[in-house]
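# Remarks on the overall topology
Listed below, chain by chain, are the residues.
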Amino acid sequence: MDLFEPADIIIYIQGKGIVLKEKSLLAVNTVSGKIVAYGEEASYITGNEGNIKIISPLHMGAAADYVAAAGLFKCLLNKVWGKKLLIRQPVAVCIPEWITEVEKKAMEEILYQAGAREVLTSCMPLGQLLEKMPGFSGKWNKVKIIIAITKDEPANYIKEQLLSVLNYAAREGISYGKVMEILQEITEKPEL
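Heads up: these notes are all about the structure in this document.

Cut-offs applied
Residues numbered from 1 in each chain as written. Predicted model: local features only at pLDDT ≥ 70, side-chain atom pairs only at ≥ 80, totals over all residues. Heavy atoms only, no water. Helix = DSSP H or I, 4+ residues; strand = E, 2+ residues; numbered from the N terminus. Buried < 20%, exposed > 50% of the residue type's maximum accessible area, 1.4 Å probe, protein only. Pairing = 2+ DSSP bridges. Axes fitted to C-alpha atoms, helices over the stretch in contact; angles between N-to-C directions. Contact = heavy atoms within 4.5 Å. Parallel < 35°, antiparallel > 145°, perpendicular 65-115°, else oblique. Left-handed = near helix turned anticlockwise from the far one by under 90°. Core = buried A, V, L, I, M, F, W, Y, C linked by side-chain atoms within 4.5 Å. Patch = residues over 30% accessible without salt bridge, like charges linked within 9 Å, V, L, I, M, F, W, Y side chains within 5 Å. Areas by Shrake-Rupley, 256 points an atom, 1.4 Å probe, with all protein chains shown as cover. Salt bridge = Lys/Arg side-chain N within 4 Å of Asp/Glu carboxyl O.

All right, on to the overall build of the protein then. Secondary structure assignment for the protein yields six helices and 10 strands. The buried share of the protein, reckoned over its 192 residues, is 41%.

Structure (structure tokens):
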């Protein structure tokens, strides 16, 4: 499995509430490329079962593998929306605020590939978006499905970021002690 923990994907449908919460995991047959399992079910597959590879196509809320992420969202939307997905629906997605414009555009395209008619993005957490939506107008009034990409423990994202920094520092020959010195310097600034 990937080094980083998978994100949690929550799907909310207006009038029904939260209808799905799954890990962003896929079990993929490496020979055929077909998805064998997804979400929680994929987490139970050991990867030792023939040509099966377990992947998390999202990294820190952004798509790390475009094709796999589109497949994952298609599976999840089909699970909650079923045959009605054939009538393409507008979808809103809550993404982390640090996502770049390129990553945001990729997420929109992934959701179009997965079956969305329109995709609206928000950097608000799901609960905050639901509170503010009644005051929104225009395209937001058509949204019935909201997808949130999150983690139960936001501290895990921080841990992953710090691990990435430490790995980068090691590749560049910067010692752990120097990284800690830089972190100390940053945390002593009054604006934090």
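We now examine the sheet that holds strand β2 (residues 17–23). Where strands meet in a sheet, backbone hydrogen bonds hold them as pairs that are either parallel or antiparallel. Strand order in the open sheet formed by five strands is β2-β1-β10-β8-β9, with mixed pairing between adjacent strands. Each end of this open sheet is capped by a strand with a single partner; those strands are β2 and β9 (116–122). Strand-to-strand, the axes of this sheet are offset by a mean angle of 20°, without reference to chain direction. Looking at chain direction, strand β8 (residues 89–94) and β9 are connected through six bridges and run parallel. Counted as the bridge partner of P90 is E118 from β9. Taken strand by strand, helix α2 (residues 66–81) contacts β1 (8–13), β2, β8 and β10 (145–150), and its axis lies near 35° from that of β1. Helix α3 (residues 101–114) contacts β8, β9 and β10 of the sheet and is inclined by roughly 150° relative to β9.

With respect to the secondary-structure elements, W98 resides in the loop between β8 and α3. What makes W98 partly exposed here is its relative accessible area of 43%. W98 sits 25 residues away from C123 along the chain, and the two C-alpha atoms are 8.5 Å apart.

In spatial order, the strands read β4-β3-β5; together these three strands make up an open sheet with antiparallel pairing. A single partner strand is all that each edge strand has here, and the edge strands are β4 (35–38) and β5 (52–55). Taking the axes of each pair of neighbouring strands and ignoring which way they run, one obtains an average angle of 20° across the sheet. Alignment of strand β3 (residues 26–29) against β4, held across three bridges, turns out to be antiparallel. Note that in β4 the partner of A27 across the bridge is A37. Contacting β3, β4 and β5, α2 runs over the sheet at an angle of about 60° to β4.

Below, the discussion takes up the packing of α2 against α3. Their axes nearest at 8 Å, the elements α2 and α3 cross at an angle of 50°. The angle between α2 and α3 places the two elements in the oblique class. You can see that α2 and α3 cross each other, and the crossing is right-handed. On α3, the residues that touch Y66, A69, A70, F73, K74 and L77 of α2 are A106, M107, E109, I110, L111, Q113 and A114.

On to the nonpolar core. Ranked by internal contacts, the top residues of the largest apolar core, which has 32 residues, are I11, F73, L111 and I147. Listing elements by their share of this core, those giving two or more residues are β1, β3, α2, β8, α3, β9 and β10. Of the residues forming this core, the biggest block, nine residues, is contributed by α2. Setting aside residues up to four positions removed in sequence, F73 forms contacts with I9, L58, M107, I110, L111, A114, I147 and I149.

Quick look at a nonpolar patch on the surface now. Taken together, the side chains of L166, Y176, M180 and L183 make up a nonpolar region of the molecular surface, amounting to roughly 350 Å² of accessible area. If one sorts the elements of the nonpolar patch by residue count, helix α6 (residues 176–187) sits on top with three residues. On the secondary structure map, Y176 appears in helix α6. With a relative accessible area of 53%, Y176 lands in the exposed category.

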